[in-house]
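Remarks on the overall topology
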Amino acid sequence: MKDLIGFFDSGVGGISVLHTARRLMPNEHFLFYGDNLNAPYGPRPLEEIRALSAAGIEKLLERDVKAIVIACNTATSAYAEIIRAQRPDMIIVGMEPALKPAHFARHGGQVIVLATDATLRLEKFERLMALYGKGVVPVVGEGLVELVEGGKAKSPEAATQLKKLLGPYRDRQIDAIVLGCTHFPFLAEPIQRMFPRARLFDGREGTAQRLKSLLDERGLRSGDGPGDVEYQSSGGEASVQLMERLMGELN
Ligand code: DGL
């Protein structure tokens, strides 16, 4: 029997986190489940996001995973506390916008936090803002998840949408930009081109490190032999192919 680590996202975004986890833990076996059929979650009401997250995470639990990564800021904000209360013994690693390191990278300018509507409106973000909110400009990444889900992260449409959303801030001193949605690292290049002096932050490394240390603490790391990834999606074969393609594009 393989000892699996389950990854969940509303779609392909969590692949960006899985890529980092694979680099850190090459011997582990991963199961990635993306609910592509129902992405994006961000514009949905809270109860709907909770129900979809519960169903997606259940898919991982059915496979007897040893740990779960909610590789989605939106699902973490809506559902992590609930599933943690239901499964107190399970390793459950969630995500949040990397506001803290971005805050410390400020040198007099502002910090843009680009995330989904739900992430920015839920309580978790309010708590982060209370700690690190000085100079922060939250921006809803409207339409961006759809572009990444459509395999169009590098398209002219994506560049146009980014200009629409972030163009108004180009004349300001932007010291840092937080990619507060796991789909957005796939848009890092055009964002960096728009703001060449800003540092980009995301939660991938912190999340993967946290997973590794929790597995280490409990003696649950896989031993020798190469690990692998099994991809599953509510969106069918086309979504699985996109997951594999995006995994190959990251380095
Ligand atoms: N990848 C997700 C996140 O990190 C959610 C995208 C969505 O479905 O709206 O927030």
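Residues numbered from 1 in each chain as written. Predicted model: local features only at pLDDT ≥ 70, side-chain atom pairs only at ≥ 80, totals over all residues. Heavy atoms only, no water.

**A word on the overall build of the protein**
Our working rule: In this text, helices come from DSSP runs of H or I with a minimum length of four residues, and strands from runs of E with a minimum of two, each type numbered from the N-terminal end. Just to be clear, the radius of gyration here is over C-alpha atoms, and the globule rule we use is 2.2 Å times residues to the power 0.38. Summary of the burial criterion: residues with accessible area below 20% of their type's maximum are buried, those above 50% are exposed, and those between are partly exposed, where the area comes from a 1.4 Å probe applied to protein chains only. Residues count as neighbours in contact if any of their non-hydrogen atoms are within 4.5 Å of one another. The accessible surface values rely on the Shrake-Rupley method and a 1.4 Å probe; as for residues, cover is taken only from the protein chains in view. A residue counts as positive if it is Lys or Arg and as negative if it is Asp or Glu; His and the chain ends are not included. One atom stands in for each charge, and that atom is NZ of Lys, CZ of Arg, CG of Asp or CD of Glu.
Scanning the protein for helices and strands turns up 11 helices and nine strands. Against the globule reference of 18 Å for 251 residues, the protein gives a C-alpha radius of gyration of 17 Å, in line with a compact fold. In terms of principal-axis extent, the alpha carbons of the protein reach across some 55 × 35 × 35 Å. When the 251 residues of the protein are sorted by exposure, 55% land in the buried category. Of the contacts formed within the protein by residues at least 6 apart in sequence, a portion of 77% connects residues at least 24 apart. A total of about 11300 Å² of accessible surface is found on the protein, and carbon and sulfur atoms cover 49% of it. Counting 31 positive and 32 negative side-chain charges, the protein places the averaged centre of each group 6 Å from the other.

**Comments concerning the environment of R121**
Along the chain, R121 turns up in helix α5 (residues 117–121). Taking the relative accessible area as the measure of exposure, R121 reaches 37% and is therefore partly exposed. The spatial distance from the C-alpha of R121 to the C-alpha of L46 is 9.9 Å, given a sequence separation of 75 residues. Once you skip the residues sitting within four places of it in the chain, R121 turns out to touch G42, P43, R44 and L46.

**Section: the sheet that holds strand β8 (residues 199–201)**
Put simply, the rule is: In this scheme, strands are said to pair when DSSP sees at least two bridges between them. Where helices are involved, their axes are fitted lines through C-alpha atoms of the stretch in contact, as for all axes, and angles between N-to-C directions lie from 0 to 180°.
With parallel pairing, the four strands of this open sheet are ordered in space as β6-β5-β7-β8. At either margin of the open sheet sits one strand with a lone partner, and together these are β6 (136–140) and β8. Strand-to-strand twist across the sheet, computed as the mean angle between neighbouring axes with direction ignored, equals 20°. Summarising the sheet, strand β7 (residues 174–179) and β8 pair through three bridges and their orientation is parallel. Directly across from I177, in β8, lies its bridge partner L200.

**Things to note about the site of the ligand**
Basically, it comes down to this: Note on definitions. A residue lies near a molecule or strand when any single heavy atom of the residue is within 4 Å of it. Polar contacts here mean pairs of N or O atoms no more than 3.5 Å apart (in protein, one a potential hydrogen donor and the other a potential acceptor; neighbouring residues in sequence count only if both atoms are side-chain atoms). Cavity and pocket criteria rest on a 1 Å grid covering protein atoms alone: a 1.4 Å probe that fits but cannot get out defines a cavity, protein on both sides within 12 Å along at least 5 of 7 lines defines an open pocket, and an atom within 4 Å of a point defines a lining residue. More than half of a molecule's atoms lying within 2 Å of a cavity's or pocket's grid points is what places that molecule inside it. Following the grouping adopted for this structure description, the nonpolar residues are Ala, Val, Leu, Ile, Met, Phe, Trp, Tyr, Cys and Pro, the charged ones are Asp, Glu, Lys and Arg, and the polar ones are all others, Gly among them.
Not every one of the 13 residues close to the ligand is listed here, only the nearest: S10, Y41, T74, T182 and H183. Between a nitrogen atom of the ligand and a side-chain N or O atom of D9, the distance comes to 3.1 Å. Contact with the protein chains removes 99% of the 300 Å² of surface that the ligand exposes when unbound. Among the cavities detected, the one that contains the ligand is the largest cavity. Class assignment for the residues of the shell around the ligand results in five nonpolar, seven polar and one charged.

**As for the sheet that holds strand β4 (residues 91–93)**
Spatially, β4-β3-β1-β2-β9 is the arrangement adopted by the five strands of the open sheet, whose pairing is parallel. Bordering the open sheet on either side are β4 and β9 (228–233), each of which pairs with just one other strand. Between one strand axis and the next, the sheet turns through 20° on average, direction left out of account. Relative to strand β2 (residues 29–34), strand β1 (residues 4–9) runs parallel, the two sharing six bridges. Of the residues in β2, the one forming a bridge with I5 is F30. Contacts from helix α2 (residues 46–61) reach β1, β2 and β3 (67–70) within the one sheet, and its direction differs from that of β1 by about 160°. Sitting on the sheet, helix α3 (residues 73–86) is in contact with β1, β3 and β4, with an inclination near 155° to β3.

Keep in mind these numbers describe shape, not what the thing actually does.
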